[in-house]
Amino acid sequence: MALYSLQHSSIAATDGICKTAARLRYICCNRQDLILLGERHGLSAYDTTNLRTLAERHETMAGQNGRIAECFIIALPREGTPELHQHLVRDFAEKVTRGAAPWIAAIHYDRPGNPHVHLIALEQNKPRTGGKGRPSKVIGLSRKGALERVREEWAETHNRIMAGTGP
């Protein structure tokens, strides 16, 4: 039976400059036994320079008090294959980002028996349709009940994709 573990943290503009770039470098660079996935980030390669540019762009867009990124560390089922893990991560990341915000995921196999993924979903503003005030966010995990919704989405995604693959 797979164990459930989903840890969440966020990176806000008030956390200091380049924390986003440091987190991206940590999960993507200088590691063996990893698989990188992502959508809508515009990177040609997951190298230090490109990751820093991406982070700086989102730090600027977040403004003075905004959230830059939502970060997750999620245990993956040991029973799963790398292909199944990729399918799980991609499906979940698209749910979290509503198919609109950029995300990068690094699936780590560096510790035997502990496959896990680091997922960074980069927040962005929804297109404005008029009005005043702050723009709405695509991911919106600062809203009441949002993290519980994300945890339910992971459980649903995991159970649906893993159905029939193990005892």
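Remember, predicted model here, so these are calculated numbers, not experimental data.

### Remarks on the overall build of the chain
Step number 1: The number of helices and strands found in the chain is four helices and five strands.
Step number 2: Tracing the chain from N to C terminus, the helices and strands come up as β-α-β-α-β-α-β-β-α.
Step number 3: A total of 167 residues make up the chain; the buried ones form 41% of that total.

### Quick look at helix 3 (residues 82-96)
In an α-helix, one full turn covers 3.6 residues, which means residues spaced three or four apart are oriented alike.
Step number 1: The end-to-end C-alpha distance of helix 3, which contains 15 residues, comes to 21 Å, matching closely the 21 Å that a straight helix rising 1.5 Å per residue would cover.
Step number 2: Listed in full, the buried residues belonging to helix 3 are Leu-84, His-85, Leu-88, Val-89, Phe-92, Ala-93 and Val-96. Buried residues in helix 3, looked at end-on, bunch into an arc of 160 degrees, giving them a common side.
Step number 3: On its buried face, helix 3 sits against strand 1 (6-12), strand 2 (34-39), strand 3 (67-75), strand 4 (103-108), strand 5 (116-122) and helix 4 (146-162).

### Quick look at the packing of aromatic side chains
Step number 1: If you walk through the whole model with that rule in mind, you get two aromatic pairs.
Step number 2: With a centroid separation of 5.2 Å and 80 degrees between ring planes, the pair formed by Phe-92 and Trp-154 is classed as edge-to-face. Here Phe-92, found in helix 3, pairs with Trp-154, found in helix 4; they are 62 residues apart in sequence, far enough to count as distant.
Step number 3: The class for Phe-92 is buried, based on a relative accessible area of 1%.
Step number 4: Through successive ring pairs, a cluster of aromatic residues spans Phe-72, Phe-92 and Trp-154.

### A closer look at the side chain of His-85
Step number 1: Position of His-85 relative to the elements: it lies in helix 3.
Step number 2: Exposure remark for His-85: the relative accessible area of 1% places this residue in the buried category.
Step number 3: Leave out the neighbours within four places in its chain, and His-85 touches Leu-76, Pro-77, Gly-80, Ile-107, Tyr-109 and Pro-115.

### Observations regarding the pattern of salt bridges
Step number 1: Overall, the coordinates contain nine salt bridges when judged by the stated rule.
Step number 2: Notably, a salt bridge pairs Glu-56 with Arg-52, separated by 3.6 Å at the nearest N-O pair. One end of the pair, Glu-56, and the other, Arg-52, are both in helix 2 (residues 48-62), four residues apart, so they sit about a helical turn from each other.
Step number 3: Judged by relative accessible area, Glu-56 falls into the partly exposed class, the value being 37%.
Step number 4: A salt bridge links Arg-67 to Glu-70, with the nearest nitrogen and oxygen atoms 2.8 Å apart.
Step number 5: Take Arg-67: its relative accessible area is 26%, and that puts it in the partly exposed class.
Step number 6: Glu-70 sits in the buried class, given a relative accessible area of 0%.

### Some thoughts on the nonpolar core
Step number 1: In terms of nonpolar packing, the biggest core is built from 27 residues, with Phe-72 and Phe-92 touching the most fellow members.
Step number 2: Of all the secondary-structure elements, those providing two or more residues to this core are strand 2, strand 3, helix 3, strand 4, strand 5 and helix 4.
Step number 3: The greatest single-element share of this core, amounting to six residues, is contributed by helix 3.
Step number 4: Aside from chain neighbours lying at most four places away, what touches Phe-92 is Leu-6, Ile-74, Leu-119, Val-150, Glu-153, Trp-154 and Thr-157.
Step number 5: Ala-55, Ala-62, Ala-69 and Cys-71 belong to the second-largest nonpolar core, a separate cluster that totals 18 residues.

Rules used throughout
- Residues numbered from 1 in each chain as written.
- Predicted model: local features only at pLDDT ≥ 70, side-chain atom pairs only at ≥ 80, totals over all residues.
- Heavy atoms only, no water.
- Helix = DSSP H or I, 4+ residues; strand = E, 2+ residues; numbered from the N terminus.
- Buried < 20%, exposed > 50% of the residue type's maximum accessible area, 1.4 Å probe, protein only.
- Expected span 1.5 Å × (residues − 1).
- Arc of directions from axis to C-beta.
- Contact = heavy atoms within 4.5 Å.
- Phe/Tyr/Trp six-rings, centres within 6.5 Å; stacked < 30°, edge-to-face > 60°.
- Salt bridge = Lys/Arg side-chain N within 4 Å of Asp/Glu carboxyl O.
- Core = buried A, V, L, I, M, F, W, Y, C linked by side-chain atoms within 4.5 Å.

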